[in-house]
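# Secondary and tertiary structure notes
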Amino acid sequence: MKYVRSAVFIILMLSVCCAGRKRPIEQPIFDQKEVPKWFEKPPLSEEKAYAVRTATATSAQMAILRATTLVQCGLLLHDDDQGEMWVEQQTVFQEGPLQFRAYVLGARDKRFTK
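Definitions and cut-offs
- Residues numbered from 1 in each chain as written.
- Predicted model: local features only at pLDDT ≥ 70, side-chain atom pairs only at ≥ 80, totals over all residues.
- Heavy atoms only, no water.
- Salt bridge = Lys/Arg side-chain N within 4 Å of Asp/Glu carboxyl O.
- Buried < 20%, exposed > 50% of the residue type's maximum accessible area, 1.4 Å probe, protein only.
- Core = buried A, V, L, I, M, F, W, Y, C linked by side-chain atoms within 4.5 Å.
- Helix = DSSP H or I, 4+ residues; strand = E, 2+ residues; numbered from the N terminus.
- Contact = heavy atoms within 4.5 Å.

## Comments concerning the pattern of salt bridges
Where charged atoms from two side chains of opposite charge approach closely, those side chains can pair. Using the criterion set out here, one finds two salt bridges in the structure. The partner of Glu95 in a salt bridge is Arg101, and the shortest N-O contact between them spans 2.6 Å. With relative accessibility at 6%, the residue Glu95 sits in the buried group. Residue Arg101 is classed as buried on the basis of its relative accessible area of 17%.

Next up, the structure:
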């Protein structure tokens, strides 16, 4: 029994000490080629108001939700009687192992803008 404990201890120490270095978390990589053309130059229209926003998060869905919320703020949709907003386009890509970036283009009828 004494030798079994010693053997387990030695194996445990070897596995901990010889496991190697942990890889550092990679920094997010921003690539200008990933930015949609509609984000750099939003469309113009007489009937619709547009807003574009971007956001990051650790999941793709959360990045979309954050960017959509920012679009709503940009279109002044704080009150219920301000009309409806819709997402015309959205793009999501992974910037790094732990980060996603979403681009959202939102629109609404101009008749509801102040």
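## Remarks on the nonpolar core
If you look at the biggest cluster of nonpolar residues, it comprises 13 residues, and the most contacted ones within it are Ala63, Ala67, Val71, Leu75 and Ala102. Mapped onto this core, the elements with two or more residues apiece are β1 (48-57), α3 (60-74) and β3 (99-109). Among residues more than four places away in sequence, those in contact with Ala63 are Ala55, Thr56, Ala57, Phe100, Arg101 and Ala102. Counting residues in each nonpolar core, the second largest holds six residues, with Val35, Val52, Tyr103 and Leu105 among its members.

These results come straight from atomic positions and should not be treated as a statement about function.
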